[in-house]
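Listed here are the chains, written in short residue letters.
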Amino acid sequence: MKKFYIETYGCQMNVYDSQLVKSILTSNHWEETDNYKEADLILVNTCAVREHAETRVRGRLGLFKAVKKQNPQIKVGLLGCMGQRLKERLLEEEPVLDFVMGPDTYKRLPQTLEKVYSGEKIADVKLDKNENYDEIYPRRDDPYKVSAYVTISRGCDNMCAFCIVPFTRGRERSKKPDLILKEVEQAIEMGYKEVNLLGQNVDKYQYEDVDFARLLEMVARLDSNMRVRFLTSYPQHMKNSVLEVMAKYENIARNIHLPVQSGSNRILELMRRGYTREWYLDRIKAIREIVPDCAIGTDIIAGFCTETEQDHQQTIDLMEQVQFDYAFMFKYSERPNTYAARNLPDDVPEEVKIRRLNEIIDLQNKHSYQSNKKDVGKTFRVLVENTSRRSEKQLLGRNSQGKVIIFEGDKKLIGQYVDVEVYDFTQATLLGKMKN
Ligand code: SAH
Ligand code: F3S
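Everything numeric here is computed off the predicted structure, so don't read it as measured data. (Residues numbered from 1 in each chain as written. Chains lettered and ligands numbered in written order. Predicted model: local features only at pLDDT ≥ 70, side-chain atom pairs only at ≥ 80, totals over all residues. Heavy atoms only, no water.)

Time to look at the site of ligand 2. Ligand 2 sits among Cys-156, Asn-158, Met-159, Cys-160, Phe-162, Cys-163, Val-165, Pro-166, Gln-200, Tyr-234 and Arg-273. For the shell around ligand 2, the residue count by class is 8 nonpolar, 2 polar and 1 charged. (Near = heavy atom within 4 Å. Nonpolar A, V, L, I, M, F, W, Y, C, P; charged D, E, K, R; others polar.)

Set out below in structure tokens:
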């Protein structure tokens, strides 16, 4: 049997897609290896969301070029968003590549490989608004069976001005609820302890009369011992009905990721986000009222087109008001062909972007510290994910809020739920002691 090696960059959606690819290949006489040196086929599943993500992949391709020089039989394929964005151009720019595929063409991988092995160079990048990979089940291979990703919708129709995703992942489409439930049930049968429902904008999930609130409830009811997470919520579309379902089911994780991007109404409008700062703060209020123990996280972009010091201060001020439990923070990176690239000037100087980003990060560090401080003395149900990086005797797990807790315990507990009382903390983690 021939062996393939796959490397994955970017978001959870890509991790899931790589599992689909593994499933397609292993049912077509391929075997996976985690060592590229013994692979016949090297695959790189890529991200295009920021320029940096693409630079990293190009660097990696340099290494695979050297590998291929030693063994010219090897084939190298690039998958995912960067492939969709650059298409055949990549075959010219990166001669190491034998083929390029976008996120909607993986079903054709066996046929594509046949052509590739007969000497063709191929870019198969047609987006398909109907492709949901129905009846293809991801290959889940976590030895500890902790968390299973389940994609509920693909693509995105929001067209935020800065974002490449609608171009690389195509039109928004929701997967059939029956198939989602079946996939979750499979994960439960395999012994997975948590599912994570994925979509670029889960709040727009809609299949016939099933909206996201209904779907979430159906998934939560499958097994009250299984924790249900979801990602990502969208401020304009997040409805109270979703929050009410969360409040009703204890096994739905107390965590909402609600990207704000900016605290300035002027910038939000230029970003075409479809909500105002006031609307966003109202959504935060609703979360705090309906699901009081819910952690709230966000994404923030520093230095978007025309952002002034005043706009930036509005972001700082919004952060102060909300006090996010965690945040992912980026400096604006112009992506070719997006609305912003075509219509707005990328005019905030690099050093100003960096300075603003650092101010945002410093403030978030303070808020993360405060958020963790509040947890001292509390006991949480923790799903053990692994040993901690520092010591084999220490375990690392997550509570319902998604916070990382480190505590002493036996490796045998990995993949199980335990109760942990928090006695100390840092800005990044909680430190606890196992109960009973
Ligand atoms: N719908 C997805 C968005 C994926 S992109 C979600 O909400 O998770 C993830 C984050 O990357 C965005 O929320 C945004 O903060 C950031 N991002 C997207 N495009 C960017 C760009 N051009 N420059 C900097 N950050 C960007
Ligand atoms: Fe991107 Fe906005 Fe969709 S950030 S993925 S266009 S919700």
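After that view, the rundown keeps rolling.
With that out of the way, let us pick up the nonpolar core. Ranked by size, the top nonpolar core spans 68 residues in total, and within it Phe-212, Leu-216, Phe-230 and Phe-304 carry the most contacts. The element contributing the most residues to this core is helix α8 (residues 212-222), with 6 residues. Ignoring sequence-local partners within four residues, the contact set of Phe-304 consists of Ala-161, Phe-162, Ile-267, Leu-270, Met-271, Tyr-332, Ala-340, Leu-344 and Val-348. In this structure, Ile-6, Leu-43, Phe-99 and Tyr-106 belong to the second largest nonpolar core, which totals 23 residues. (Core = buried A, V, L, I, M, F, W, Y, C linked by side-chain atoms within 4.5 Å. Buried < 20%, exposed > 50% of the residue type's maximum accessible area, 1.4 Å probe, protein only. Helix = DSSP H or I, 4+ residues; strand = E, 2+ residues; numbered from the N terminus. Contact = heavy atoms within 4.5 Å.)

As assigned here, the protein comprises domain 1 (2-124), domain 2 (147-373) and domain 3 (379-434). For domain 2 versus domain 3, the distance between C-alpha centres works out to 25 Å. Each partner contributes residues to the interface: domain 2 has 19 residues there, and domain 3 has 17 residues. Counting the surface lost from both domain 2 and domain 3, the interface buries some 1500 Å², and carbon and sulfur atoms represent 45% of this. Ranking the residues of domain 2 by area buried against domain 3 places Lys-193, Arg-227 and Asn-372 at the top, with a combined share of 44%. At the surface where domain 2 touches domain 3, the tally comes to 16 residue pairs in polar contact (both at pLDDT 80 or more). (Domains from an automatic or database assignment. Buried area = accessible area lost by both parts, 1.4 Å probe. Polar contact = N/O pair within 3.5 Å; in protein donor to acceptor, adjacent residues only side chain to side chain.)

Inspection of the secondary structure assignment puts Lys-175 in the loop between β9 (173-174) and α7 (177-190). A relative accessible area of 3% places Lys-175 in the buried class. Of note is the side chain of Lys-175, whose polar atom sits 3.3 Å from the backbone oxygen of Tyr-133.

Turning next to the sheet that holds strand β3 (residues 41-46). Spatially, 6 strands are ordered β2-β1-β3-β4-β5-β6 in an open sheet, and the strand pairing comes out parallel. Since the sheet does not close on itself, it has two edges, and those belong to β2 (30-32) and β6 (122-124), each with one partner. In this sheet, adjacent strand axes meet at a mean angle of 20° when their direction is disregarded. The pairing of strand β5 (residues 99-101) with β6 spans 3 bridges and is classified as parallel. Residue pairing in the sheet places Phe-99 in a bridge with Ile-122 of β6. Here helix α1 (residues 12-26) sits on the sheet in contact with β1 (2-8), β2, β3 and β4 (75-80), set at roughly 175° to β1. (Pairing = 2+ DSSP bridges. Axes fitted to C-alpha atoms, helices over the stretch in contact; angles between N-to-C directions.)

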